[in-house]
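Descriptive analysis of the structure
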Amino acid sequence: LNLGFQNDLIWYADSLGSEFYQNSMVKGALGYQFSDRVNIDANVSQIVVGRNAGDFLYEANADINFSERLGKLSIGAYSQNKSPEMAFERMQYTYHQWNTAFEKSKTQNLSFAYTNKFLGFSGKVDYFLMDNYLYFKEVNNPDNIETLLRQIEPAQYGSPINLLKVTIGQNFKFRRFHLDNLVVYQKSDVNDILSIPELYTWHSLYYANMLYKVMDYRIGFDMKFNTPFRAPSYAINASQFYYDNVGTEFSTYPIVDVWATANIRRVNLFISYNFVNQFIAPKGYYSVRRYPMQDANIRFGVSWKFYD
């Protein structure tokens, strides 16, 4: 059992003036291990005094380790009550100005996860129930400013939003060849407010070996793909993603990267050729409206850890 107290002092200033406030938070953690296979823990964070009084995060988790071959089952849940971030309530930029007040956002989560390292499998099911969801949206521009200067404003969705997320990972190995896979299925019941790809996949095929018992290296390629969805737009001046009035849905294609890594003691090296399939199809792609992703390119890097 652990208990703690935290006090934060915050000062904020912009063209509307300055504001000084503080939050005092009580924190607590409780854990109990029934055996070497069953463990539960709970965490509590509660703001008791200050500008964001009433904010809280309550979490609980339980792990059940069956065996090395049978894997581990994890059950989790949390409840969160959170005040809006400052960007939603107050902004004074060239093309975006607002000074508003919103209700606290509430999120409830329940999750079930199963991992089996012996089989190379992992799976998780998450359910989210969100109330008073905050987001940014495009507003009609009375001055008819050009596309790149479209105006946005914060908004709050008053009805509950349900989100289901299922994540499955499966890794295969044959001698020195590896195939790692990740598949994510997610579904929102309010796509106009919380738009996400229904299916996302990532796959990595690579060869791993040791050279002269000194250099550990890997050579392979990655491929990622997601189903079409209503891509968000981006407001440069406000540095925020938002949903526009058009609702463009882009076609999607697999994106392939070729790479190699090497490790020699404390030195790590990598080189990659990203979006290698641009020369076949597609010629380009989007993840944010009006902002094409980078063309095929080469990247390399070195990480060297020194010791005294």
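Right, let's walk through the structure included here. Computed from a predicted structure; not experimentally measured.

So, on to the overall build of the protein. Across its full length, the protein holds 1 helix and 22 strands. In terms of overall dimensions, the protein has C-alpha extents of about 65 × 55 × 50 Å along its principal axes. Residues counted as buried form 31% of the 308 residues belonging to the protein. Expressed as a percentage of contacts within the protein between residues at least 6 apart in sequence, the contacts between residues at least 24 apart total 51%. If you sum the accessible surface of the protein, you get close to 19,400 Å²; carbon and sulfur atoms cover 58% of it.

The next subject is the environment of I280. Mapped onto the secondary structure, I280 falls in the loop between β19 (267-274) and β20 (286-288). In this structure the C-alpha to C-alpha distance between I280 and A113, which are 167 residues apart in sequence, comes to 39 Å.

In total, this model carries 14 aromatic pairs according to the counting rule given. Here Y133 and Y135 contribute two aromatic rings whose centre-to-centre distance is 6.4 Å and whose plane-to-plane angle is 15°, an arrangement assigned as stacked. Using a relative accessible area of 12% as the deciding quantity, one classes Y135 as buried. On the numbers, 6.3 Å between centres and 50° between planes, the contact of Y207 with Y217 is tilted. Residue Y207 is located in strand β14 (residues 199-211), and its partner Y217 is located in strand β15 (residues 215-226); the two are separated by 10 residues in the primary sequence. According to the relative accessible area criterion, Y207 is partly exposed, its value standing at 26%. An aromatic cluster of three or more residues is present, and its members are F88, W98 and F136.

Its volume calculated, the largest pocket comes out at about 280 Å³. Taken together, 16 residues line the largest pocket, and the ones lying closest to its centre are N226, T252, Y285, Y286 and S287. Listing elements by their share of the lining of the largest pocket, those giving two or more residues are β15 and β20. Here the lining of the largest pocket gets 3 residues from one element, more than from any other, and that element is β15. Here the residues of the lining of the largest pocket sort into 11 nonpolar, 4 polar and 1 charged.

Following the sequence through the fold, H96 ends up in the loop between β6 (90-92) and β7 (97-99). Among the residues examined, H96 registers a relative accessible area of 4% and is labelled buried. Among the polar contacts made by the side chain of H96, one reaches the side chain of N237 at a distance of 3.1 Å. For H96, the residues in contact, after removing those within four places along its chain, are M91, R150, Q151, I152, A235, N237 and A238.

The next thing to look at is the environment of N23. If you trace the backbone, N23 turns up in strand β2 (residues 17-33). The spacing of N23 and D8 is 15 residues in sequence and 5.2 Å in space, taken between C-alpha atoms. Every residue in contact with N23, bar those within four places of it in the chain, is listed here: Q6, N7, D8, I10, I47, V49, G50, R51 and N52. Within the structure, N23 has its side chain in polar contact with the side chain of N52 (distance 2.8 Å).

The next point concerns the pattern of salt bridges. Considering all chains together, one arrives at 8 salt bridges under this definition. Among the salt bridges present, the one from E89 reaches R51, with a minimum N-O distance of 3.1 Å. A residue pair is termed long-range when its members are at least 10 positions apart, and E89 in helix α1 (residues 86-89) and R51 in the loop between β3 (38-50) and β4 (56-67) qualify at 38 residues. Judged by relative accessible area, which is 31%, R51 ranks as partly exposed. A salt bridge links K104 to D55; its shortest N-O distance comes to 2.6 Å. Residue K104 is located in the loop between β7 and β8 (105-116), and its partner D55 is located in the loop between β3 and β4; the two are separated by 49 residues in the primary sequence. Judged by its relative accessible area of 9%, D55 is buried.

Procedures and definitions
- Residues numbered from 1 in each chain as written.
- Predicted model: local features only at pLDDT ≥ 70, side-chain atom pairs only at ≥ 80, totals over all residues.
- Heavy atoms only, no water.
- Helix = DSSP H or I, 4+ residues; strand = E, 2+ residues; numbered from the N terminus.
- Buried < 20%, exposed > 50% of the residue type's maximum accessible area, 1.4 Å probe, protein only.
- Contact = heavy atoms within 4.5 Å.
- Areas by Shrake-Rupley, 256 points an atom, 1.4 Å probe, with all protein chains shown as cover.
- Phe/Tyr/Trp six-rings, centres within 6.5 Å; stacked < 30°, edge-to-face > 60°.
- 1 Å grid on protein atoms, 1.4 Å probe; cavity = no way out; pocket = protein on both sides within 12 Å on 5 of 7 lines; lining within 4 Å.
- Points joined across faces, edges and corners; volume = space filled by probe spheres on them.
- Nonpolar A, V, L, I, M, F, W, Y, C, P; charged D, E, K, R; others polar.
- Polar contact = N/O pair within 3.5 Å; in protein donor to acceptor, adjacent residues only side chain to side chain.
- Salt bridge = Lys/Arg side-chain N within 4 Å of Asp/Glu carboxyl O.

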